[in-house]
Amino acid sequence: MTPITRPAVMVAAGAGLLTIGTFIPVPALRVLLVIVPALVVPGAAVFLGLGVLRGRWDPVPTLALGAMTSLAFYPLAALLLYVAHIRLSRTSLVVVVDGLVLAMIVVDARRRSRRPSTLRPILAAIREPPGETRRWARWLGTVVLCCAGSLALGARFLPAAAPAPFTEFSLTGPMAKLTGPISVTDGSSLSVPISVHNASPTPRRYVLAARLDGATLGSDRQVPVPREATWSGSFTGDINAPGCLNELVLELLARPGGTPIASIDLWIRTRSAGCLG
Amino acid sequence: MTATRLDHPNTTVPLWESRQAALDLNTLLADESHNGRPPSPADRLQPPPPSGNQQQKPDIRPSTVLYALGPGLGLVAGTALLCVAYSWAATRPPGNLEFLLFWLGELAAIVPLAARLSRDGPSRSQRLALVAAAGLFSFVPKFLRDPSAPLFHDELVHWHEAQAVFQAGHPFVPSTLISLIQYFPGLATLTASLQNLTGLSTFQVGTVLLWLLHLLALIGVFVLVERLTNSSRAAGIAGLVYAVSPAFMFFDAQFSYESLAIVFFIWVLVCIVELQAAGSSTRQQGVWFVVGLILALACVVTHHVTTYALVLALVAISVATTFRRRRDSQARHLARLTWAFTGTVASAAAAWLVFVAPGTLNYLAPHLKGGVTGLLDLVRGGTGPRSLFQGSSLPGYERAAAFLTPVVLLLVVAFALWRIKGQRHRLPPALLGLAAFGLLYFLSLPVMLTAESEGARRSWTFTYVGLAVLIGALSVDVGRRFDGSRRRRFAFAAAVTAVLVVLLVGNVSVQTNVDYRFPGPYVYGSDTRSLTTELLSAAAWLRTEVGPGQRIVTTRDDGLAFGTIGDQLLAAPSTGFPVWELYFSTAQPSPNLLDELRAAKYGYLVVDDRMARFLPEVGFYFEPSEPPAAVRTHPPPQAALTKVDALPWLTRIYSTDHLRIYRFDFTEVGACPWGSRLAVAVLACLAAHR
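Cut-offs and rules
Residues numbered from 1 in each chain as written. Chains lettered and ligands numbered in written order. Predicted model: local features only at pLDDT ≥ 70, side-chain atom pairs only at ≥ 80, totals over all residues. Heavy atoms only, no water. Buried < 20%, exposed > 50% of the residue type's maximum accessible area, 1.4 Å probe, protein only. Helix = DSSP H or I, 4+ residues; strand = E, 2+ residues; numbered from the N terminus. Pairing = 2+ DSSP bridges. Axes fitted to C-alpha atoms, helices over the stretch in contact; angles between N-to-C directions. Parallel < 35°, antiparallel > 145°, perpendicular 65-115°, else oblique. Left-handed = near helix turned anticlockwise from the far one by under 90°. Contact = heavy atoms within 4.5 Å. Nonpolar A, V, L, I, M, F, W, Y, C, P; charged D, E, K, R; others polar. Buried area = accessible area lost by both parts, 1.4 Å probe. Salt bridge = Lys/Arg side-chain N within 4 Å of Asp/Glu carboxyl O. Polar contact = N/O pair within 3.5 Å; in protein donor to acceptor, adjacent residues only side chain to side chain. Expected span 1.5 Å × (residues − 1). Core = buried A, V, L, I, M, F, W, Y, C linked by side-chain atoms within 4.5 Å. Phe/Tyr/Trp six-rings, centres within 6.5 Å; stacked < 30°, edge-to-face > 60°. Lys NZ or Arg CZ within 6 Å of the ring centre and 35° of its normal.

Draft legend 1. Structural view of the pairing of strand 5 (residues 650-656) of chain B. Residues and elements named next belong to chain B. For strand 5, the tally of buried residues reaches seven of seven residues, placing the bulk of the element in the interior. Two strands pair when backbone bridges link them, and strand 5 and strand 6 (residues 659-664) are joined in this way by five bridges, in the antiparallel orientation. Bridge assignment links Tyr-654 to a residue of strand 6, and that residue is Ile-661.

Draft legend 2. Representation of the packing of helix 3 (residues 59-83) of chain A against helix 11 (residues 257-277) of chain B in the model. One way to put it is that helix 3 of chain A packs onto helix 11 of chain B with a least axis distance of 11 Å and a crossing angle of 130°. The angle between helix 3 of chain A and helix 11 of chain B places the two elements in the oblique class. Every pair of crossing elements has a handedness; the one defined by helix 3 of chain A and helix 11 of chain B is left-handed. For the pair helix 3 of chain A and helix 11 of chain B, the contacting residues are Pro-61, Ala-64, Leu-65, Met-68, Leu-71 and Ala-72 of chain A in the first and Leu-260, Val-263, Phe-264 and Trp-267 of chain B in the second. By residue class, the composition of the contact of helix 3 of chain A with helix 11 of chain B is ten nonpolar, no polar and no charged.

Draft legend 3. Expanded view of the interface of chain B and chain A. Between chain B and chain A, the residue contacts involve 119 residues of the former and 97 residues of the latter. Carbon and sulfur atoms supply 66% of the area that chain B and chain A bury against each other, a total of about 9,000 Å² over both sides. Between the two partners, chain B and chain A, sit two salt bridges. Two residues, Glu-668 of chain B and Arg-269 of chain A, come together in a salt bridge whose shortest N-O distance is 2.5 Å. Put simply, chain B and chain A have 26 residue pairs in polar contact (both at pLDDT 80 or more) between them. Looking at which element gives the most residues to the side of chain B that touches chain A, the answer is helix 3 (residues 62-91) of chain B, with twelve residues. Considering only residue class, the side of chain B that touches chain A consists of 72 nonpolar, 30 polar and 17 charged.

Draft legend 4. Examining unusual backbone geometry more closely. Residue and element names in this part refer to chain A. A positive phi angle, close to 60°, is found at His-85, a residue other than glycine. One can find His-85 in the loop between helix 3 and helix 4 (90-114). His-85 sits in the exposed class, given a relative accessible area of 76%. The phi angle at Glu-228 is positive, at roughly 50°, despite the residue not being glycine.

Draft legend 5. The arrangement of helix 3 of chain A in detail. Residue and element names in this part refer to chain A. Taking 1.5 Å of rise per residue, 25 residues should cover 36 Å, and helix 3 covers 36 Å from first to last C-alpha, within 8% of that figure. The element helix 3 is largely enclosed, with a buried count of 18 among its 25 residues. At the exit of helix 3 stands His-85, carrying a positive phi of roughly 60°.

Draft legend 6. Structural detail: the nonpolar core. With 262 residues, the main nonpolar core has Leu-71 of chain A together with Phe-265 and Trp-267 of chain B as its most contacted residues. The element best represented in this core is helix 9 (residues 202-229) of chain B, accounting for 17 residues. When near neighbours in sequence (up to four residues on either side) are disregarded, Trp-267 of chain B contacts Pro-61, Ala-64, Leu-65 and Met-68 of chain A together with Leu-216, Ile-219, Gly-220, Val-223 and Leu-295 of chain B.

Draft legend 7. Expanded view of the packing of aromatic side chains. All names here are of chain B. Scanning the entire structure with this criterion turns up 34 aromatic pairs over all chains. With 5.8 Å between their ring centres and 90° between their planes, Tyr-441 and Tyr-464 make a pair best called edge-to-face. Residue Tyr-441 is found in helix 18 (residues 440-444), and its partner Tyr-464 is found in helix 19 (residues 453-482); the two are separated by 23 residues along the sequence. The same class applies to Tyr-441 and to Tyr-464, which are both buried. Pairing Phe-584 with Phe-622 gives two aromatic rings, centres 5.7 Å apart and planes at 70°, and the pair type is edge-to-face. You can see Phe-584 sitting in helix 24 (residues 581-584) and its partner Phe-622 sitting in the loop between strand 4 (604-608) and helix 26 (638-642), a full 38 residues away along the chain. For Arg-92, the ring lying beneath its charged end belongs to Trp-88, and the centroid distance is 4.2 Å.

Draft legend 8. Looking closely at helix 7 (residues 153-168) of chain B. All names here are of chain B. Helix length check: helix 7 (16 residues) gives 23 Å between terminal C-alpha atoms against 22 Å at 1.5 Å per residue, within 8%. Within the span of helix 7, buried status applies to His-153, Glu-155, Leu-156, Val-157, His-158, Trp-159, His-160, Glu-161, Ala-162, Ala-164 and Val-165. In the core, the buried residues of helix 7 are packed alongside helix 6 (140-145), helix 8 (186-198), helix 9, helix 11, helix 21 (514-517) and helix 23 (556-564).

If you want it as structure tokens, here you go:
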């Protein structure tokens, strides 16, 4: 029986961490536990299976190549799952990664039991003064942290763009899914659920006006809406239309008699004796 | 300080040629005995260097401290300045200060990096750390441009596709915005996989990926050039050359398939170079073959153009390997293996094209045809060349740098070719192949003068890898000659830095327009600055109140939001389906169009009234073939947009200050409204009842 090597143990441990981490219900902890194994384990497993995760390897390029192989693994695995009619999900992915790791450990063990490997590390280490790699990794880490700090401070203290204010006026509820003219009986009352959203940094007092075929319908109504808030209500009016197909326009004005900011146009089909066709 | 590769002790295989040739190569390219010399076959054959007396105490002088601290301080200061530049651009009227702050930030980081990397002192680890820092730093501008949501056109489309794949649980989810992306699901499936594992959102996974890809790309270039030149100094300079390439800072920093595929491209080249470097070790070659193939297959399923560029680069390497001077059995074996790898990748690309994504040809053909036709037209003198930077608000120094960039590159590359001309038989064939591939950059330049300039720009992402290799190789040769005195070293560092600065400024300005680069006031039809909160709110309203998956007709600009944030299905306008009739003409749309809209069950129409006030920045409202996109000087008349208000088959269900959403009801086409406000409605009614 060939003993499990240290790289195999490391890869298996990474896969274990990935498997357990993926099902942890605390989102932040899940990300912390999973992100690195997810980006390293599949690639490392491939290297293990190929027999090149051995000896003294060049840490940064090997990790980079491992990450690249992992990034390549996921699309190819997703295609295999698709061909096998298996949904791409948390469970299926964990099973695929664990399956790959297991398979590669077995391949590695079998190969070693047959003959000693003559392979070199995938990217062999470069001899440098002791601690040189660690020293510059620390330098990079410090610079990255300082830059991240700069970004965080910038986001916190520098002024950001304010979105241009606007007003949103719409039908709401089931009426939003309207498919065509509204059918009403001549002389009956019509209620139209509407919504007004004030996307501005100040409260606004809108005026709601209605016109049926250009003629004023009822009296204008004040609609106060706080800043960044939505008002929902309804327009109600009696429809005494002269024709069979009439246009009802609901206008939202900044002030009485002003130019409309936004409007809704509805078509009213009157059910009456003369409008059967 | 000396570095030696710690390979397997039993291995006695030279890299490219015989041991002697390898030593010659070292003499030619990597006379760096004083620093962290990277791997070379000669190193493998030599005993490890003595450690004791050669480990001298570092010479700490003010200049040494400055060199050591400079890059770190520059990167932090550069990040801070970029933050200020983006805040300024977002909150002040457009001017020149945001450009100045931007370039101060960039130069604060790049100049110390270039100066440090071009010197002979730094160890390999230091160079690697500096290149990695450059990779991360080059993503900062794009990160600041849209830190909280996708913004660029392609980015939004890919973000939506990745979300769709995540929700559907399988690849090949149709996209109505760019139909082809469903057949290249590499990025979407990778993102969905990482989303499933980590629980992060699509945008968060995308951001993590892009930081990582920027890092991996430059490490890849470093490893590639280091293996080819046996010089970490060359590798560092080449890494920086690629960091200042046109697409690296913005285009390949967006969440799109090329951003992922280009990194596969680089690492596949690393694999083929390592395969060739494995000498006679068949098993080691097999390892690199398999790893390279995994990466290449991922590239094939991720992006079409990158795959074809990869095949081209591999062919160049294969040809160079075949026609090398030595013809012994090992060289022939290497050539066969290289061709086998190239053939396998090409076959995979062809199979994917034929069986999965046959639409790719139709997608790419107009661009290729346009480029060739444009060039022929230019040669015949049919149309004058396209004016570069016409109407651009870029500062003059950026435009000057953009024109200077190809000239500087030409001079540097010509010098490099002259320097390596006599040594070409002793250089790695992959270096020659990649150098030849890089020269395609110059062939693409005339295309910039045609209407298909986009194709030329897109090719630079790939050809710059070849240029980086060539410039890296040159820097070893020249750098060695300048290492004699302090003044000469300074001159070399200054020259390298100056070249990199010109390339950086020129490349960014030629690749990325102002609207993509900086936030600012609304610009109609600009993709980035027309994606307002108002538009996003309208798209979100339709999705929430009516539901996703509605068939809607809208312009390209608004469609970007409705098709992605709104998750709706968009009409694909064409001359056969001219939905622009609804917007451009004051007359009733043609019966054919109405029939098509009815048959395809289109439910909603979106109108932006700014369409009647502005010409779109991208040059067209719907798509390039719309009439009269090429010669349009005025927007469509306001009456063409307001006509829809009086048509009884359109109900306005939503409106904002600028946007309106209408519901189609084609059963009412020809209905006669009482007291219609618009002549076209009356005419339609009369026509229907005639």
